[in-house]
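Each chain is listed here by its residues.
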Amino acid sequence: MCLLLLVLVTVKSSESTHLIGLGSYDITGPAADVNMMGYANMEQIASGVHFRLRARTFIVAQPQEEKSIVFVNLDACMASQLVTIKVIERLKARYGELYTEENVAISGIHTHAGPGGYLQYVVYIITSLGFVQQSFNALVDGIERSIMQAHENLRPGSVFINKGEVLDASINRSPSAYLNNPQEERSNYEYDTDKEMTLLKFVDDEWGPVGSFNWFATHGTSMSRTNSLISGDNKGAAARFMEDWYNRDKGFQSQSLIRSGPYRRISNIIPDFHQHRKELLEIASNFQSSPGRAVTRALSVAKRVRSSFRQAEKPQFVSAFCQTNCGDVSPNVVGAFCIDTGLPCDFNQSTCNGRNELCYGRGPGYPDEFESTRIIGERQFKKATQLFEGASEQLKGKVNYRHTYLDFSNLSVQLSESANNVKTCPAAMGFAFAAGTTDGPGAFDFKQGDDQGNAFWKLVGGLLKKPDEEQIKCQDPKPILIDTGEMHDPYDWAPAILPIQILQIGQLVILSVPGEFTTMAGRRLRDAVKEVLTSGDEKQEFHVVIAGLTNTYSQYVTTFEEYQIQRYEGASTLYGPHTLNAYIQEFKKLASSLINNKKVVPGPQPPDLLDNQISLLTPVILDATPLGSTFGDCKTDVPPGSIFSRGDVVTATFWSACPRNDLMTEGTFALVEILESNNDWKPVYDDDDWCLKFIWSRPSKLSTRSYATIEWVIPDVAVSGVYRITHFGASKSLFGSVNHFAGSSTAFAVA
């Protein structure tokens, strides 16, 4: 509070009427043994890191009115009700009533390559073998730290907005359902997905630009259902690219535009390396692989490359690529094809000769999913930089918010003044849910577009809970596979009470929704809210954006017409055919209360099920190495006398230990170092760089031995010089103690 008073005095002498603050913190969860969240594929188990996950936060405050809003963007599949509850508890303990569930939004980018087990409802943690405390703690801790940073960085500043189209980063993966929307409505739009990106640029009065947040609809499914490396997918990649781009352009010694490399082209060891390749090799030959050695955890943090970007007197640059109405939107823009024939999949059911598991979407880098991720991330990043540099419309006016909880299992909805009210239903998932999508197909004989079901699977689903006639009628035409909303053993299988929220910064309004709205569902919601907002006395024009997967998760929301087709998105619209109308009705009420300055009833509180959670994930008992080896020793070294070119792949494998022993938060498991002229090794790439992969494995599932393979794809802009690869880890003894170690490869030359 003292900090806010000090800043309030400062803002009174500034031209800005807002305070802005941004923060970012590592939320990378366990990189081993934990099922990844998103595809519900039991075999997709984390086994390393491609690049790290982060929580990125902005706070905008209007101190004269004592109002502020907090928006947190997570490199995670979605927000979690339990995570939100615990973060708010911590914020209230730290800041009192300054930040509460009313003005804090926590949103997920929908990567399908992050550790699961952090949601509180049974259906979302089955594949992760229940609740994973480490995943949960990484998120809660990281979100809190990110918000704390943003709060501490609050200073007078301005927010600018800009919009533009990204035409090549998304397609509609359920066009047959989209086409069931009225032709008159569809004719209002040029595309069957939303192509518009909305970007905010944050400018500190003294320091200039300090960050950007944008919203654009495309799924986080460029990385496939078989990937096992932690990744922020295309949006996480875009954020990494943009932060590095800004740091590079502002003169920091940072990574490359896309491929992540220092921008010095010449090593300071040998000024003219073209004439002295032999000298490079001679220098490299003096540095053999170092045996594994004991280190402190702090060394991993200190060696992190981006630690050097932070200046004590200036906030770091933060860029977030947020999710919006991505429900039916895929980044696999080449289309969906059969893996057996190479022909396009069936249009209506996305099958190949009747089998859904053979139909896969292809990204622009097909068959390389990493390349597809990079390309889709780059396309968003490039548009974001254009919007960032051209942003000129300043957000002016009040900061405000509204929030309420609603019981979506039995919500009365008035479709029109003349029609009888209808109701939403207790949550249930249809048969097409099990079919998956073209981004990640399901198994068995399930198909998208199934509005009938079959007797066998109805019998299987009925063993869990047989829906009664009222529920069947309410969910019609969805054939119910799992009646999740009426299943409560050992605790609730699906949410019933959901939050909805509006955040306002001047002429920008953010609609926080706890699910994945399809393209047309999002359009209808935005239009309905905008109509209410512009009906006020001020007649102000508003920018309205949807923040998807925010504050909790309740799967999909389709239009009534799309629901009738019962593709994956319709089958996953939990609360029945009138779910979207319920959202529109309740958001219109929130918008009306916002413009008329009226209070909102808080609504029923969601449950806190932390004490009910069950975890079947076995703990790490012991790590070991072969006789004669120690942790950090090279198992497979870089060959002595090696000299590589840009584009080559350098690999070293180390005897390691389970990454669950220490998540290396704000540190690194992998490092590439360059030799400086004073014989010091300087870090240039770590496990938050696109070009570096940390891959962990065991010889067998129950083995106490493990190894870490580090792959470095030498970037086009890499410095010529002498390098080595270093691995950091932490081993667990039989007595439970955790010991940190490091090891380095033999040095090699890049010319």
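Quick note: structure is the one above.
Residues numbered from 1 in each chain as written. Predicted model: local features only at pLDDT ≥ 70, side-chain atom pairs only at ≥ 80, totals over all residues. Heavy atoms only, no water.

This model, assessed by the stated rule, comprises 40 salt bridges. D194 serves as the salt-bridge partner of R523, at 2.7 Å between the closest nitrogen and oxygen. Residue R523 is found in helix α12 (residues 519-533), and its partner D194 is found in the loop between α5 (183-186) and β10 (196-204); the two are separated by 329 residues along the sequence. Taking the relative accessible area as the measure of exposure, R523 reaches 3% and is therefore buried. A salt bridge links R374 to E378; the shortest N-O distance between them is 2.8 Å. Of this pair, R374 and E378 both sit in helix α9 (residues 369-390), four residues apart, roughly one helical turn. Bridged by salt links that share partners, the residues R56, D75, R240, E243, D244, R306, D686, D688 and D689 form one connected network. (Salt bridge = Lys/Arg side-chain N within 4 Å of Asp/Glu carboxyl O. Helix = DSSP H or I, 4+ residues; strand = E, 2+ residues; numbered from the N terminus. Buried < 20%, exposed > 50% of the residue type's maximum accessible area, 1.4 Å probe, protein only.)

The tally for this structure, following the rule as stated, stands at 36 aromatic pairs. Relative to W457, the ring of F444 lies with its centre 5.4 Å away and its plane at 55 degrees, an arrangement referred to as tilted. Taken as a pair, F444 in the loop between β23 (440-441) and α10 (455-464) and W457 in helix α10 lie far apart in primary sequence, 13 residues in all. When its relative accessible area of 59% is taken as the criterion, F444 is described as exposed. Its relative accessible area of 15% is what places W457 among the buried residues. (Phe/Tyr/Trp six-rings, centres within 6.5 Å; stacked < 30°, edge-to-face > 60°.)

Attention now moves to the nonpolar core. Within the largest apolar cluster, 128 residues are counted, with the highest numbers of intra-cluster contacts made by Y118, F587, W712 and Y723. It is helix α15 (residues 579-595) that contributes the most residues to this core, eight residues altogether. In contact with W712, not counting residues within four places along its chain, are D648, V649, V650, V672, Y685, C691, L692, Y723, F748 and V750. Core analysis: the next-biggest nonpolar cluster, separate from the first, contains 26 residues, L22, F58, V60 and A105 among them. (Core = buried A, V, L, I, M, F, W, Y, C linked by side-chain atoms within 4.5 Å. Contact = heavy atoms within 4.5 Å.)

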